[in-house]
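Secondary and tertiary structure notes
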Amino acid sequence: MTNNNLIRKLLKLKDLKVVNFAFNRGGELEIAVKPYKNGCRCQQCGRRGKIVRTRPQARRWRDISVGSWTVWLLYYPREIVCPTHGRGLEVIAWAEPYARFSYRYEYVMLRYCQMMTQKAAAELLRVSTSTLSDQLHASIGSLRSGHRIRGLKTIGIDEISYCKGHKYATLVYDLDRSVVVWVGEGKGRKTIDEFFNNMLSDYQKQKITAGSCDMSDAYIGAINTHCPNATLVLDRFHIVKALNAAVDEVRKAQWRDAGVDERKALKGLRWLLYRHSSTRSREDTRTLKALEKANNRIYRAWRLKDEFEQFWDYNAPWAAQRFLKSWMTATLRSRLEPMKKFVATLRKYESGVMAFIGTRLTNAVGEGLNRIAKIVKNRASGFRNLSAFTDMIFLTIGDVDIPAQIPNKFRTV
Ligand SMILES: [Zn+2]
């Protein structure tokens, strides 16, 4: 076996001929290659063209490492004339048209970034984190290019913070498929309008049958404006969260006014008050009972919250409506300001709250996706800019399986 063939076999450079190779300083293995067959093909139609000239400069593609060697493929691309498309550069069989890395490298890079922090991936790939971030951006941009949103029927809209400080992005979910279909900068109406105006056709908007979001006028307004056939369902988890926040406000106010002795009785209540009845222990129940005497205001707030849980179990809209009405009346009489404020919000969005009963739709899938996005964010200890965060969101929970876009034969880690 010749040395060239040995290198070819060792590196599994199928369909390629090794012309030459050199072990350079700095641990680089440079391999001059050329297509074994199937060269000179048009980038647009794949037909064979006539060679016009060979480019005088070699191009280099980063390939997967071997041992401690960083491998580079070297090739002088040829310009060809296609009978249909005219003059252009030939197809490079081992890489995307303008990529600086081979498909094999690209696949490994994407899979590593799905599995671990970019810092760890960069170390394994032997590139700097900023190079990796650029490579990732180029790869994801190119593999997602031309992608259109399809079959969107149940939409979820949510926000997420990124960067330190208070920068927000809006996430749009396809709740049927459990994926993120869009990420936009900002969290207001302007941002979400951008999605509806630029990403969906009128036909697609008509096809949306349900939308879920929190109690924010921006998202509610956008769904109502852009999706004529969608039932707006306010997200159950966000409603429960708002109710919990109201109970907590009552608790905090009582804590502020309490003396030293009283505070003892109020200690450790915060999470107990949040707890759903199904996860309550006997000990919890005892503590809550004691609270009735120790602090009646907190107790009453908690009781109302606990009663509200029933709402979600109703199947008949009329029964749910009756329950909601009596619950709101009781809460308004409670003289607990934060709770009364919560009722005012419920009243404002009542049809969206009631829509849950008929549809049973929640943003639970969206919440799950949001949680993953947060994990991705924390794993990276924040992102310098939204585009880096967006890349990672699309790579982990996007509507395109990005590594699967790489031709099958190059997919090995
Ligand atoms: Zn062509």
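Reading guide: rules and limits
- Residues numbered from 1 in each chain as written.
- Predicted model: local features only at pLDDT ≥ 70, side-chain atom pairs only at ≥ 80, totals over all residues.
- Heavy atoms only, no water.
- Helix = DSSP H or I, 4+ residues; strand = E, 2+ residues; numbered from the N terminus.
- Rg over C-alpha atoms; globule rule 2.2 N^0.38 Å.
- Buried < 20%, exposed > 50% of the residue type's maximum accessible area, 1.4 Å probe, protein only.
- Contact = heavy atoms within 4.5 Å.
- Areas by Shrake-Rupley, 256 points an atom, 1.4 Å probe, with all protein chains shown as cover.
- Lys, Arg positive; Asp, Glu negative; His and termini not counted.
- Charge placed at Lys NZ, Arg CZ, Asp CG, Glu CD.
- Pairing = 2+ DSSP bridges.
- Axes fitted to C-alpha atoms, helices over the stretch in contact; angles between N-to-C directions.
- Salt bridge = Lys/Arg side-chain N within 4 Å of Asp/Glu carboxyl O.
- Polar contact = N/O pair within 3.5 Å; in protein donor to acceptor, adjacent residues only side chain to side chain.
- Donors = N, O, S within 2.8 Å, 3.2 Å for Na, K, Ca; no water.
- Tetrahedral: all angles 85-135°; square planar, octahedral: opposite > 155°, others 65-115°.
- Expected span 1.5 Å × (residues − 1).
- Arc of directions from axis to C-beta.
- Parallel < 35°, antiparallel > 145°, perpendicular 65-115°, else oblique.
- Left-handed = near helix turned anticlockwise from the far one by under 90°.
- Nonpolar A, V, L, I, M, F, W, Y, C, P; charged D, E, K, R; others polar.

Once that is clear, we can look at the overall build of the protein chain. Each helix and strand counted, the protein chain has 17 helices and 12 strands in total. Here the C-alpha atoms of the protein chain give a radius of gyration of 29 Å, more than 25% beyond the 22 Å that 2.2 N^0.38 yields for 413 residues. In terms of its C-alpha atoms, the protein chain occupies a principal-axis envelope of roughly 90 × 50 × 30 Å. Across the 413 residues that make up the protein chain, the buried fraction comes to 46%. The long-range share in the protein chain, meaning contacts at least 24 apart out of those at least 6 apart in sequence, stands at 57%. Here the protein chain displays about 22000 Å² of accessible surface, and carbon together with sulfur accounts for 50% of that area. Side-chain charges in the protein chain split into 71 positive and 39 negative, and the spacing between the mean points of these groups amounts to 6 Å.

Now for the sheet that holds strand β5 (residues 69-75). Ordered in space as β1-β2-β5-β4, the four strands form an open sheet in which the pairing is mixed. At either end of the open sheet lies a strand with only one pairing partner, and these are β1 (16-24) and β4 (59-66). Adjacent strand axes in the sheet meet at a mean angle of 25 degrees when their direction is disregarded. Bridge count for strand β2 (residues 28-35) against β5 is five bridges, and the pairing is parallel. When the sheet's bridge partners are listed, glutamate 30 is paired in β5 with tryptophan 72.

Before going further, it helps to examine the side chain of lysine 305. Structurally, lysine 305 is set in helix α12 (residues 296-308). In this structure lysine 305 is buried but unpaired, with glutamate 309 as the nearest side chain of opposite charge at 4.7 Å. From its side chain, lysine 305 meets the backbone oxygen of leucine 273 in a polar contact 2.6 Å long.

What follows concerns the coordination of the zinc ion. For the zinc ion, every protein donor is listed as Cys42 (SG), Cys45 (SG), Cys82 (SG) and His85 (ND1), and the spread of their distances is 2.1 to 2.3 Å. With four donor atoms in place around the zinc ion and angles of 106 to 113 degrees between them, the coordination shape is tetrahedral. Donor residues for the zinc ion sit on one chain with the sequence pattern C-x2-C-x36-C-x2-H. With a gap of 40 residues between them, cysteine 42 in the loop between β2 and β3 (50-54) and cysteine 82 in strand β6 (residues 78-82) connect regions that are remote in the sequence.

If you walk across this open sheet you meet the five strands as β10-β9-β8-β11-β12, and the pairing is mixed. Two strands close off the open sheet at either side, each with one partner strand: β10 (179-185) and β12 (231-234). Adjacent strand axes in the sheet meet at a mean angle of 25 degrees, parallel and antiparallel pairs treated alike. Pairing of strand β11 (residues 210-213) with β12 involves four bridges; the strand directions are parallel.

As a further point, take the pattern of salt bridges. According to the stated counting rule, one finds 20 salt bridges in the structure shown. One salt bridge connects arginine 78 with glutamate 90, and the closest N-O pair in it is separated by 3.2 Å. In this pair, arginine 78 sits in strand β6 while glutamate 90 sits in the loop between β7 (86-89) and α2 (103-115), placing the two residues 12 residues apart along the sequence. A single burial state applies to arginine 78 and to glutamate 90, both of which are buried. Note that glutamate 79 and arginine 87 form a salt bridge whose closest N and O atoms lie 2.6 Å from each other. We classify glutamate 79 as buried; its relative accessible area is 6%. One connected set of salt bridges, linked through shared partners, spans Arg53, Arg55, Glu79 and Arg87.

The next thing to look at is the side chain of aspartate 391. Inspection of the secondary structure assignment puts aspartate 391 in helix α17 (residues 386-397). One polar contact links aspartate 391 to histidine 137, side chain to side chain, over a distance of 2.8 Å. The contact partners of aspartate 391, leaving out residues within four places of it in the chain, are Leu136, His137 and Ile140.

With 16 residues, helix α4 (residues 129-144) extends 22 Å from end C-alpha to end C-alpha; this agrees with the ideal 22 Å at 1.5 Å per step. Among the residues making up α4, those that are buried are Leu132, Ser133, Gln135, Leu136, Ser139, Ile140, Leu143 and Arg144. Buried residues along α4 cover an arc of 165 degrees about the axis, so they all sit on one side. Against α2, α3 (118-125), β10 and α17 lie the buried residues of α4. Among the residues trailing α4, glycine 146 stands out with phi positive, at a value near 80 degrees.

A pair of packed helices can be characterised by two numbers: the angle between their axes and the separation between those axes. Two elements in contact, α2 and α3, have axes separated by 9 Å at closest approach and are oriented at 150 degrees. Taken together, the axis directions place α2 and α3 in an arrangement best described as roughly antiparallel. The handedness of the crossing between α2 and α3 comes out as right-handed. Residue-level inspection shows Tyr105, Val108, Met109, Tyr112 and Cys113 of α2 in contact with α3, the latter providing Gln118, Ala121, Leu124 and Leu125. Along the lines of polarity and charge, the residues of the contact of α2 with α3 split into eight nonpolar, one polar and no charged.

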